[in-house]
Amino acid sequence: MNYKHREFLLEFKIMNIDFKKYEDGLVPAIIQDSITNKVLMLGYMDEEAFLKTNESKKVTFFSRSKQRLWTKGEESGNFLNLVSIAVDCDSDALLIKVNPVGPVCHKGTDTCWRENNVSDFGFLSSLENTIQNRKKDIENEDSYVSSLFRKGMNKIAQKVGEEAVEVVIEAKDNNDALFLNESADLLFHYLILLQAKGFTLNDVEKILLQRHNAE
């Protein structure tokens, strides 16, 4: 037994995965994108699949249909590059974070739930959707956002500049409530500006990731 194999066995022992809990010796493995946090698929692992995953750094399952080890992407090239593995509180399920190469589902979609594998920013994503709807409903007289879109790019850009100045002013004072409120105004109007230019937070995130990876 070489050093690397002993290291993998030690890691397995420390994680204390209970493969014997199920009659078939398989534990469910939830696959999650390490960047977007989207759940991509569900597979099953036995001890051998777990060790091979750690060794190759490409997620390997035990295929119940093929009755053998199966490395995701071995035929398609759409590998799941390993980032981390965590075991749940009962030691009988795995959460595996990955960097996927290409679509994950065998039907060609990003995930097995037919979702686009893009980041979800929680309430900010909901707010973006609302802004997008107001942009489509530009003649809505009751909507402040729609009124900005009617006034055009110059007005929207001007509002972002005004809010940015307010943030700088409040940053120099000690009123945290005012600073946070002005920050919220700036972010809100920036989201409107992104939509006016045809972009979203996901586009900004891509640039930041590119810069991070280039470091």
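Keep in mind it's a predicted model, so treat the numbers as computed, not measured. Position numbers for residues count from 1 along each chain, tracking the sequence in the order it is written. It should be noted that, the model being predicted, local features are given only for residues of pLDDT at least 70 and side-chain atom pairs only at 80 or more, the latter also being counted only at that level, while totals for whole chains, interfaces and linings use all residues. Calculation of side-chain values draws on the structure's entire complement of heavy atoms; hydrogens and water are dropped beforehand.

Let's shift gears to the side chain of N117. Under the DSSP-based scheme used, a helix requires at least four consecutive residues in state H or I and a strand at least two consecutive residues in state E, with every element numbered from the N terminus. As for its placement among the helices and strands, N117 is situated in the loop between strand 6 (94–100) and helix 3 (123–136). Definition of a polar contact: a pair of N or O atoms within 3.5 Å, with one able to donate and the other able to accept a hydrogen when the atoms are protein atoms, and with sequence-neighbouring residues admitted only if both atoms are side-chain atoms. Polar contacts involving the side chain of N117 include one to the side chain of D33, which spans 2.8 Å. A distance of 2.6 Å separates polar atoms of two side chains, one belonging to N117 and the other to T36. Contact definition: two residues touch when any of their heavy atoms are within 4.5 Å. The residues contacting N117, other than those within four sequence positions of it, are D33, T36, K38, L40, P100 and D110.

Quick look at the packing of helix 4 (residues 144–151) against helix 6 (residues 176–196) now. It is at 11 Å that the axes of helix 4 and helix 6 come closest, and there the two elements cross at 45°. The angle between the axes of helix 4 and helix 6 places the two elements in the oblique class. In terms of crossing hand, the pair formed by helix 4 and helix 6 is right-handed. Seen from helix 4, the contacting residues are Y144, V145, L148 and F149; seen from helix 6, they are F188, H189, I192, Q195 and A196. Ten residue types, Ala, Val, Leu, Ile, Met, Phe, Trp, Tyr, Cys and Pro, are classed as nonpolar, four, Asp, Glu, Lys and Arg, as charged, and the remainder, Gly among them, as polar. Here the residues of the contact of helix 4 with helix 6 are counted per class, giving seven nonpolar, two polar and no charged. Axis lines are fitted through C-alpha atoms, for helices just across the contact stretch, and the angle between N-to-C directions can take any value from 0 to 180 degrees. Convention used here: angles under 35 degrees read as roughly parallel, angles over 145 as roughly antiparallel, angles from 65 to 115 as roughly perpendicular, and any remaining angle as oblique. Two helices that cross are described as forming a left-handed crossing if the nearer one is turned anticlockwise from the farther one by less than a right angle, and a right-handed crossing if clockwise.

The nonpolar core is taken to be a set of buried Ala, Val, Leu, Ile, Met, Phe, Trp, Tyr and Cys residues, with the residues joined through side-chain atoms within 4.5 Å. Partly exposed describes any residue whose relative accessible area lies between the buried limit of under 20% and the exposed limit of over 50%, with all areas from a 1.4 Å probe on protein chains only and scaled to the type maximum. Formed by 24 residues in total, the largest nonpolar core has its most connected members in I31, M45, F50, L94 and I96. Among the elements of the structure, strand 1 (27–33), strand 2 (39–45), helix 2 (47–56), strand 3 (60–63), strand 5 (80–87) and strand 6 are those that each provide at least two residues to this core. Among the nonpolar cores identified, the runner-up in size contains twelve residues, and L148, V160, L193 and L201 belong to it.

We now examine the UniProt feature "domain: Phosphoribosyl-AMP cyclohydrolase" (unreviewed entry) in the chain. Following the UniProt record, the feature "domain: Phosphoribosyl-AMP cyclohydrolase" (unreviewed entry) maps to residues 41–113 here. The distance separating the terminal C-alpha atoms of residues 41–113 is 8 Å; by composition the span is 14% helix and 38% strand. UniProt positions are given in the numbering used here, feature names are shortened, and annotations may be inferred rather than shown by experiment.

The next subject is unusual backbone geometry. You will see that K57, though not glycine, has its phi angle at about 65°, which is positive. Using a relative accessible area of 44% as the deciding quantity, one classes K57 as partly exposed. Within the chain, S91 stands out as a residue other than glycine whose phi angle is a positive 60°. Tracing the backbone through its elements, the reader meets S91 in the loop between strand 5 and strand 6. Among the residues examined, S91 registers a relative accessible area of 16% and is labelled buried.

With that settled, the discussion passes to the pattern of salt bridges. A carboxyl oxygen of Asp or Glu within 4 Å of a side-chain nitrogen of Lys or Arg is what we treat as a salt bridge. Per the stated rule, a full pass over the model turns up five salt bridges. For D92, the salt bridge goes to K21, with nearest N and O atoms at 2.5 Å. Linking D92 in the loop between strand 5 and strand 6 with K21 in the loop between helix 1 (3–15) and strand 1, this pair joins segments that are 71 residues apart in sequence. Residue D92 is classed as buried on the basis of its relative accessible area, which comes to 8%. Relative accessible area serves as the criterion here: at 45%, K21 is assigned to the partly exposed category. Note that K159 and E162 form a salt bridge whose closest N and O atoms lie 3.7 Å from each other. With K159 and E162 both in helix 5 (residues 153–171), this residue pair falls three residues apart, about one helical turn. Judged by relative accessible area, which is 16%, K159 ranks as buried. By relative accessible area, which is 32% here, E162 ends up partly exposed.

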